Amino acid sequence: MRLLYKFLIVLALIAIIFYLFSIRRVPAVIKYGVSFSKFHSDELKLDWKEVYLNLLDDLGVRNFRFTAHWPNTEPEEGKFNFKELDYQIDEARKRNASVILAVGRRLPGWPECHEPEWLKSEILNQKSDTEIIKYKQEKILKYIEVVINRYKTYENIKYWQVENEPYLAFFSRSLCGELDEEFLEKEIALVKKLDPTRLVLLTSSGEFDPWFSAYKKADVFGSSLYLYVWWKTGPFRYPITPGFFRIKQNLVDFMYGKKSKILIELSAEPWLRQPIVEAPVDVLLERMGIDKFNEMISFAAKTGFDTQYLWGAEWWYWLKKNGHTNDHWNRAKELFNSQE
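My aim in this report is to walk through the structure given alongside it, one point at a time. Being a predicted model, the structure only gives us computed values, none of them experimental.

## Observations concerning the pairing of strand 10 (residues 307-311)
In step 1: Among the 5 residues of strand 10, 5 are classified as buried, and the element is accordingly described as predominantly covered.
In step 2: Alternating residues of strand 10 divide into T307, Y309 and W311 and Q308 and L310, and every residue in both groups is buried.
In step 3: As paired elements, strand 1 (residues 31-35) and strand 10 share 4 bridges and run parallel to each other. Counted as the bridge partner of Y32 is Q308 from strand 10.
In step 4: Alignment of strand 9 (residues 260-267) against strand 10, held across 3 bridges, turns out to be parallel. Across the sheet, S267 pairs through a bridge with W311, a residue of strand 10.

## Some words on the packing of aromatic side chains
In step 1: Enumeration according to the criterion identifies 26 aromatic pairs in this entry.
In step 2: Both rings, one in F293 and one in W316, keep their centres 5.4 Å apart while their planes meet at 80°; by these two values the pair is edge-to-face. Of this pair, F293 sits in helix 13 (residues 290-301) while W316 sits in helix 14 (residues 313-321), placing them 23 residues apart in sequence.
In step 3: Since its relative accessible area comes to 0%, W316 is described here as buried.
In step 4: Here a set of aromatic residues connected by ring pairs shows up, and it is made of F36, W48, Y52, F64, F66 and Y87.
In step 5: The side chain of K49 reaches across the aromatic face of Y87, ending 4.5 Å from its centre.
In step 6: Across the ring face of Y228, the terminal group of K292 is positioned such that the distance to the ring centre comes to 5.1 Å.

Criteria and thresholds
- Residues numbered from 1 in each chain as written.
- Predicted model: local features only at pLDDT ≥ 70, side-chain atom pairs only at ≥ 80, totals over all residues.
- Heavy atoms only, no water.
- Buried < 20%, exposed > 50% of the residue type's maximum accessible area, 1.4 Å probe, protein only.
- Helix = DSSP H or I, 4+ residues; strand = E, 2+ residues; numbered from the N terminus.
- Pairing = 2+ DSSP bridges.
- Phe/Tyr/Trp six-rings, centres within 6.5 Å; stacked < 30°, edge-to-face > 60°.
- Lys NZ or Arg CZ within 6 Å of the ring centre and 35° of its normal.

Pasting the structure below:
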């Protein structure tokens, strides 16, 4: 009997390994989108409306991820600014473009966790650490409530994204602190209560995070994909293949059941230790020239994700606007034109 049990266990392990390493279907057609933020356009000293309208009307982007950065959305306590987001979502709606709207304290763009100045200055010397955390969380939930209630009637909102890569704690621990998983669940529950008609997207790092925690809580799961990064020793390319992402998708499917998965952040701009506008152009193009840009597109096409949002569109426009190169912009235009 023991021998039979061992034999069955071996068979089960073989079946699992075969499943995980089996070739996941590579989609024949990929739906492309971009992440766009006024925040990043401002960093590049660009006219954000000009960038955005060119993404819509020149590139022909029809799938966007926007971010309701808290400092811009609530610049004064209880006083909300929706001018920029209203414009973005309205213009997208006019062109039948879909929108994923991200809410929370931790959203795309360094320094990862974004807090309004009024929150920092008001409470720093008035409360204990525990009271500060509770106070901030109350304010975060209120800001999320206001944002969701404002935009839930917009038919072109596709998903709500809650926080960004919340389980990648080591990446920004000094700025974000440790993850409060119970509070993350409160945020998700609030969004679902306010708008039970839409799905909630949670995201994870493609290279570091095993995906389990975010995947279990998500209705829709989003992964980032970065090949070229900067470590303490300098520029570095992760030694992975597209199969790495297919295996991870198979693994979470096997353990927790199948859910929609998208590549929410496909890196297509240089990873630097300084602001882009302060870096020499030759360094920028060394880190993410058209050769690496094409490599990213080709690599991602083999990962099994049929929906992919590129990161770096503001930078492509910056290159074009400043007369450095049109290569990235033109290559992106080919991608989006191929979907018409």
